[in-house]
Amino acid sequence: MQISKTDFIQFLHCPKSLWLLKHKPEAYPHGEFSDYAEKLAAEGYELEAYVRELIEAGVDAAQFSFQTVFQTERGLYAKTDIVRENEDGTFNLYEVKSSTRVKADAKHNQIKDACFQMIAAEEVRKDVRDVFIVHLNGDYVRDGEINPDALLTFAKVTSKVREIEAETRIEINKALDLLQTAEIDESCCSCLTLSKANHCDSFEHFNPGIPKPSIYNLPRISKAKLETFAGEGRFDLEDIGLDEVTEKQAYVLRSAQLREPVVDQGALARWFSRAKYPLYFLDYETYSSAIPIVDGARPQSPIPFQYSLHIKRTPDDLELVHVEYLAEEATLPRAMVDHMQRHIGPKGSVISWHASFENTQNKTMAKQFPDKAEFLQSLMDRTLDLEDLFAAPYVDIAFGGSTSIKKVLPVLAGDLDYAGMDVANGTDAMNAWKHLISMPDGDVRNRLKESMLEYCKLDTYAMVRIFEEMERV
Ligand code: SF4
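Residues numbered from 1 in each chain as written. Predicted model: local features only at pLDDT ≥ 70, side-chain atom pairs only at ≥ 80, totals over all residues. Heavy atoms only, no water.

**Focus: the overall build of the protein**
Argument step 1. What the protein contains, in helices and strands, is 17 helices and 13 strands.
Argument step 2. The C-alpha extent of the protein, read off along each of the three principal axes, is 80 × 65 × 40 Å.
Argument step 3. Put simply, the protein has 473 residues, and 49% of those count as buried.
Argument step 4. Entry remark: accessible area of the protein is about 23200 Å², with carbon and sulfur atoms responsible for 50%. (Helix = DSSP H or I, 4+ residues; strand = E, 2+ residues; numbered from the N terminus. Buried < 20%, exposed > 50% of the residue type's maximum accessible area, 1.4 Å probe, protein only. Areas by Shrake-Rupley, 256 points an atom, 1.4 Å probe, with all protein chains shown as cover.)

Shown next, in the form of structure tokens:
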């Protein structure tokens, strides 16, 4: 059985999930290759093309080869991005990453991944001299045509890779041993005592019979508490006492046991007392990519290209005002900020969902356009986060322990639905915008534009409806 670097990284995250993938692929929940994953893959190819352009322009271009495969007798499989044959008979390995730095954290593990490639390559032919990670230069600012020399950074990581070589060889041996094992204990897995954020899609396979909802729906639950509950076989929220959980967890627990929403009227009233009319319900759509598509932008930096605004002028306002903007060419969002400034007055609250996202864009735009900084700062100062209501003041077990608008909306305003829309989420919007800005005028373009506007409009209208529902509560 072969093991690639992707398999090996999966093994490091969770040996059991790799075993399931390799031994029982039919039981492994593969999930869908999401639009976002497709976008990342396309960006990876684009980046590799710039690396290749840069290398092929060099005087030593003939010494490089691309996508070289090293396959060892004991089952290691490494397809390296780039190999350079050195003058002294040794060779260098290059791994291309679309990050703006070398990431060595447990989740990304680029050093470990490079180490796997080096070990596989050295088992086939000796003498890897140096290992490089080629990543994006986070300080690069696009100005006209992409300049691959300025866009890319070649980070030599040889010593870091050599430092972990011995431990990585041991881990590779363990991974190969595991894959030789015909049977493992499939009756449970170690995530039984870890919070939901750690669970992968194989959780149900290894832990059948866990009820829904369960102790894993309790927010921020500690490992110690999960160990106690799981150790005593208490997975059902009916079996948990209010005195055993924190204040925030108690909201979810009570809602599950009562089978109805639990409300802290005082906290709800305090939030509403901060909401000043007119209310501006605001949502941005942003585009980010490894290779900046807009002059003035950096790699991986989001560019707002669209906003929707619903304005509720008074508490009894029955006719909301709706304002929208969609950039039709790839530029920094100055025209969008101008447009917002014409429609968002100096008084009244700005309401967003997960407002830190909108405010991060406001901060970036304030730096890009200093003459707009005062206006954008005023938006930040006046922002209220509607999501905050669902962290504690209003909890319904029907949200599944989540505060995402995608979980809250169907419960509070079930008649509003993203299903069936051509643009139905942020990734769709990003992909749609990339197409829109390079499309010729015509019906297809107009339809795409309408779909994008319709989606963003629903985002802010959904907020209005949720706000009004909460106001009634
Ligand atoms: S749920 Fe956790 S322990 Fe279980 S297979 Fe997935 S990652 Fe591994």
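**Concerning the site of the ligand**
Argument step 1. Taken together, Cys14, Ser17, Cys189, Ser190, Cys191, His199, Cys200, Phe203 and Phe206 make up the full set of residues near the ligand.
Argument step 2. Tallied by class, the residues present in the shell around the ligand amount to six nonpolar, three polar and no charged. (Near = heavy atom within 4 Å. Nonpolar A, V, L, I, M, F, W, Y, C, P; charged D, E, K, R; others polar.)

**Notes on the pairing of strand 8 (residues 279-287)**
The two faces of a sheet get side chains in turn, since along a regular strand they alternate between them.
Argument step 1. Taken across its nine residues, strand 8 has nine buried, putting it largely inside the fold.
Argument step 2. Across the two faces of strand 8 the burial is the same, with Leu279, Phe281, Asp283, Glu285 and Tyr287 and Tyr280, Leu282, Tyr284 and Thr286 all buried.
Argument step 3. By the bridge criterion, nine bridges tie strand 8 to strand 9 (residues 303-312) in an arrangement that is antiparallel. Paired with Tyr280 across the two strands is Ile311, which belongs to strand 9. (Pairing = 2+ DSSP bridges.)

**Concerning the pattern of salt bridges**
Argument step 1. Inspection of every chain in the model, using the stated rule, returns 35 salt bridges.
Argument step 2. Glu95 is the partner of Lys5 in a salt bridge, and the nearest nitrogen-oxygen pair spans 2.7 Å. Highlighted residues: Lys5 in helix 1 (residues 5-13) and Glu95 in strand 4 (residues 91-96), separated in sequence by 90 residues. Exposure class is identical for Lys5 and Glu95. Each is buried.
Argument step 3. Arg334 is the partner of Asp371 in a salt bridge, and the nearest nitrogen-oxygen pair spans 2.7 Å. Here Arg334 lies in helix 12 (residues 334-343) and Asp371 lies in the loop between helix 13 (355-368) and helix 14 (373-381), a separation of 37 residues in the sequence.
Argument step 4. Through salt bridges that share partners, Arg74, Glu122, Glu123, Arg162, Glu165 and Arg169 make up one connected network. (Salt bridge = Lys/Arg side-chain N within 4 Å of Asp/Glu carboxyl O.)

**Some remarks on the environment of His108**
Argument step 1. Mapped onto the secondary structure, His108 falls in the loop between strand 4 and helix 4 (110-124).
Argument step 2. The class for His108 is partly exposed, based on a relative accessible area of 34%.
Argument step 3. Between the alpha carbons of His108 and Glu26 there is a distance of 27 Å; along the sequence they are 82 residues apart.

**Some words on the sheet that holds strand 11 (residues 350-352)**
To summarise the sheet geometry, strands pair through backbone hydrogen bonds and adopt either a parallel or an antiparallel arrangement.
Argument step 1. A sheet is described by the order of its strands in space; here five strands give the open sequence 10-9-8-11-12, paired in mixed fashion. This sheet does not close on itself; its edge strands, each paired only once, are strand 10 (321-326) and strand 12 (383-385). Within this sheet the neighbouring strands show an average axis-to-axis angle of 25°, counted without direction.
Argument step 2. Relative to strand 10, strand 9 is paired through six bridges, and the arrangement is antiparallel. By the bridge assignment for strand 10, Ser308 is matched with Glu324. (Axes fitted to C-alpha atoms, helices over the stretch in contact; angles between N-to-C directions.)

**Some points on unusual backbone geometry**
Excluding glycine, residues mostly have negative phi values, and the peptide bonds linking residues are mostly trans.
Argument step 1. With an omega of -5°, the peptide bond between Lys212 and Pro213 qualifies as cis.
Argument step 2. Turning to its location among the elements, Pro213 is positioned in the loop between helix 8 (203-206) and helix 9 (223-231).
Argument step 3. Here the residue pair Tyr277 and Pro278 is connected by a cis peptide bond, since its omega of 0° sits within 30 degrees of zero.
Argument step 4. Along the polypeptide, Pro278 turns up in the loop between helix 11 (265-273) and strand 8.
Argument step 5. Look at Gln67: it is not a glycine, yet its phi comes out positive at around 55°.
Argument step 6. Of note, Gln67 is situated in strand 2 (residues 64-71).
Argument step 7. The phi angle at Gln300 is positive, at roughly 60°, despite the residue not being glycine.
Argument step 8. With respect to the helices and strands, the residue Gln300 is situated in the loop between strand 8 and strand 9.

**Brief notes about the domain arrangement of the protein**
Argument step 1. With domains assigned, the protein is organised as domain 1 (3-180), domain 2 (190-260) and domain 3 (270-472).
Argument step 2. Computed from C-alpha coordinates alone, the two centres of domain 1 and domain 2 are separated by 38 Å.
Argument step 3. Listed per partner, the contact involves six residues of domain 1 and five residues of domain 2.
Argument step 4. Of the roughly 510 Å² buried at the junction of domain 1 and domain 2 (both faces included), carbon and sulfur atoms supply 72%.
Argument step 5. Among the residues of domain 1 in contact with domain 2, Lys16, Leu20 and Pro29 are the three that bury the most area, contributing 64% of the side total.
Argument step 6. At the surface where domain 1 touches domain 2, the tally comes to zero salt bridges.
Argument step 7. Joining domain 1 to domain 2, the criterion identifies zero residue pairs in polar contact (both at pLDDT 80 or more).
Argument step 8. For the side of domain 1 that touches domain 2, a count of residues per class yields four nonpolar, one polar and one charged. (Domains from an automatic or database assignment. Contact = heavy atoms within 4.5 Å. Buried area = accessible area lost by both parts, 1.4 Å probe. Polar contact = N/O pair within 3.5 Å; in protein donor to acceptor, adjacent residues only side chain to side chain.)

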